[in-house]
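# Observations on chain architecture
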Amino acid sequence: MEAVQVTDGIYWVGAIDWNIRNFHGYSTSRGSTYNAYLITGEKNILIDTVKRPFFEEMVGRIRSVIDPQKIDIIVSNHTEMDHSSSLPLMQELTGATVLASRMGVEGLRLHFPRLRTEMVKDGQEIKLGTKTLKFIDTPMLHWPDSMFTYVEEDKVLFSMDAFGQHYATTKRFDDEVDQDVLYQEAAKYYANIILLFNSQVERTIQKAKDIDIRIIATSHGVIWRKNLGKIFELYSQWSSSRTKEKAVVVYDTMWNSTRIMAEEIAEGIASEGVEVRVMKLGETDRSEVMREVLDSRAVVIGSPTLNNNLFPSVADMIYYLRGLRPTNRIGAVFGSYGWAGGAVKMAQDLLKGSGLDLPLEPYQVRFIPQEEERRKCREFGRTIGQKIKEKSVA
Ligand code: FEO
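Quick caveat: nothing in here was measured; it's all calculated off a predicted structure. (Residues numbered from 1 in each chain as written. Predicted model: local features only at pLDDT ≥ 70, side-chain atom pairs only at ≥ 80, totals over all residues. Heavy atoms only, no water.)

Check the secondary structure of the protein chain and you find 12 helices and 22 strands. Taken over the C-alpha trace, the protein chain has a radius of gyration of 24 Å; the compact-globule value for 394 residues is 21 Å, and the two agree within 12%. Oriented by its inertia axes, the alpha-carbon framework of the protein chain measures out at about 80 × 40 × 35 Å. Here the contacts in the protein chain between residues at least 6 apart in sequence split such that 71% fall between residues at least 24 apart. As presented, the protein chain carries roughly 15,900 Å² of accessible surface, and 48% of it is formed by carbon and sulfur atoms. Distance from the positive charge centre (50 side chains) to the negative charge centre (53 side chains) of the protein chain: 2 Å. (Helix = DSSP H or I, 4+ residues; strand = E, 2+ residues; numbered from the N terminus. Rg over C-alpha atoms; globule rule 2.2 N^0.38 Å. Contact = heavy atoms within 4.5 Å. Areas by Shrake-Rupley, 256 points an atom, 1.4 Å probe, with all protein chains shown as cover. Lys, Arg positive; Asp, Glu negative; His and termini not counted. Charge placed at Lys NZ, Arg CZ, Asp CG, Glu CD.)

This is how it looks when you write it as structure tokens:
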């Protein structure tokens, strides 16, 4: 395994996880990478590590540049296990102290009680040989411990999870990969990992504007060396909930009644000139739905009633949505039932904690939608389309 040079004296020494398809509930159909970086010079510095099963791969890449035992300092930008779980082995191999933010030190001690750590403060600079490292706290982007590390001489920002993508590839830079795939994966990553922390993103982008950045070395996916302006602009757009005139209709169905409703509602929305995407749960994973939610101004959710309850896949979707809180968007609920209802009320009540605005009463149908009920579904969709067009954009 070989290191890849990022710039003079800085190397990517991470690992490629081609096979991961589920990253704590996020479907990673293109796999992922765990990016660690080696800075060489009078002092050798390792920025983050990799998931523990990939420790040997990282060490092999380091060895292609220097003897790993010559690492003097390790920086931990983020304590989540995909980046930290190799720290104990790395410290055992090198004897190097691990630098982390105040919350990072707290988190690392709770993960690895014997790990030797040292706290660095927000804005602190340390000179290590010819390199000056500046630490920038980015709390809640996306954990309280998160920080960026910036190398002043090379204008390289190690941004941990921010600006990442779950994208396994042999290419290491943004200008080397298919651009459609890259931005699809960056959007999916934002929608599923970062969305809840929109306000912190805005603050971080403001902080980053004061820094001269030439390269953004993220912790997942490819490194940004060409289109930095574009990814900053996209983060600014996503974090301020600048959505399109678009709705996502997400549903599940037992005997096709809710499917018929979903498709009639979608037609009604589209008849207002609004883009619409229909997604059936079971066939479509919740993290794919979230990617569509990211630029949608409405989320329309449909469920049949099963055992006086929400259909399980719809309940799962709503709880996932509640966790990610897509604000400044319209929510609407529909569904079908046979002998006893209940699903639409449950959905509406649960969505009250999701951040969505709920301007409409839910629409439900008993058994199979007939012509009149299909017409009402289209009307329901048209009303949603009109509300989307009326809604001011942030
Ligand atoms: Fe890639 Fe929050 O860990």
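There is more to say, and it comes next.
Take the pattern of salt bridges next. Inspection of every chain in the model, using the stated rule, returns 29 salt bridges. Here Asp-295 and Lys-246 are joined by a salt bridge, their closest N and O atoms 2.8 Å apart. Separated by 49 residues along the polypeptide, Asp-295 in the loop between helix H9 (286-294) and strand E19 (298-306) and Lys-246 in strand E17 (residues 246-251) bring together distant segments of the chain. One exposure class covers both Asp-295 and Lys-246, and it is buried. Within the structure, one salt-bridge network assembled from shared partners comprises Lys-244, Lys-246, Glu-275, Arg-277, Glu-292 and Asp-295. (Salt bridge = Lys/Arg side-chain N within 4 Å of Asp/Glu carboxyl O. Buried < 20%, exposed > 50% of the residue type's maximum accessible area, 1.4 Å probe, protein only.)

Okay, the domain arrangement of the protein chain next. Taken domain by domain, the protein chain consists of domain 1 (4-239) and domain 2 (244-387). Opposite the 13 residues of domain 1 that make contact, domain 2 presents 12 residues. Across the domain 1 to domain 2 interface the summed buried area is about 1,200 Å²; carbon plus sulfur atoms make up 55%. On the domain 1 side of the contact with domain 2, Asn-192, Leu-195 and Leu-196 bury the most area, a combined 39% of that side's loss. Counting every contact that joins domain 1 to domain 2 gives 1 salt bridge. Residue Lys-188 is joined to Glu-288 by a salt bridge in which the shortest nitrogen-to-oxygen separation is 2.8 Å. Seen at the junction of domain 1 and domain 2, the total is 6 residue pairs in polar contact (both at pLDDT 80 or more). Every element with two or more residues in the side of domain 1 that touches domain 2 is listed here: strand E5 (26-27) and helix H5 (179-194). Per-element accounting of the side of domain 1 that touches domain 2 gives the leading share, 6 residues, to H5. (Domains from an automatic or database assignment. Buried area = accessible area lost by both parts, 1.4 Å probe. Polar contact = N/O pair within 3.5 Å; in protein donor to acceptor, adjacent residues only side chain to side chain.)

Our focus in this paragraph is the layout of surface pockets. Of the volumes computed, that of the largest pocket is approximately 290 Å³. In this structure, the largest pocket is lined by 18 residues; those nearest its centre are Met-254, Thr-305, Tyr-337, Gly-338 and Phe-367. Only helix H8 (257-270), E19 and strand E21 (330-337) provide two or more residues apiece to the lining of the largest pocket. Examining the composition of the lining of the largest pocket, we find that 3 residues originate from one element, E19, more than from any other. Partitioning the lining of the largest pocket into residue classes produces 9 nonpolar, 9 polar and no charged. (1 Å grid on protein atoms, 1.4 Å probe; cavity = no way out; pocket = protein on both sides within 12 Å on 5 of 7 lines; lining within 4 Å. Points joined across faces, edges and corners; volume = space filled by probe spheres on them. Nonpolar A, V, L, I, M, F, W, Y, C, P; charged D, E, K, R; others polar.)

Looking at chain direction, strand E1 (residues 4-7) and strand E2 (residues 10-12) are connected through 3 bridges and run antiparallel. Counted as the bridge partner of Gln-5 is Tyr-11 from E2. Linking E1 back to E2 in an antiparallel pair, the connection comprises 2 residues, with Gly-9 at a positive phi of about 80°. (Pairing = 2+ DSSP bridges.)

Running from N to C, H5 and H9 cross one another at 95°; their axes reach a closest spacing of 8 Å. When the axes of H5 and H9 are compared, the pair comes out roughly perpendicular. When H5 is examined against H9, the residues Gln-184, Ala-187, Lys-188, Tyr-190, Ala-191 and Asn-192 are found in contact with a partner set consisting of Ser-287, Glu-288, Met-290, Arg-291 and Leu-294. Here the contact of H5 with H9 is composed, by residue class, of 5 nonpolar, 3 polar and 3 charged. (Axes fitted to C-alpha atoms, helices over the stretch in contact; angles between N-to-C directions. Parallel < 35°, antiparallel > 145°, perpendicular 65-115°, else oblique.)

So, on to the packing of H9 against helix H10 (residues 312-324). Packing of H9 against H10 brings their axes to within 10 Å, and their N-to-C directions diverge by 50°. The angle between the axes of H9 and H10 places the two elements in the oblique class. For the crossing formed where H9 meets H10, the hand is right-handed. In this structure, H9 uses Arg-286, Ser-287, Val-289, Met-290 and Val-293 to contact H10, whose residues at the interface are Asp-316, Met-317, Tyr-320, Leu-321 and Leu-324. Grouping the constituent residues of the contact of H9 with H10 by class yields 7 nonpolar, 1 polar and 2 charged. (Left-handed = near helix turned anticlockwise from the far one by under 90°.)

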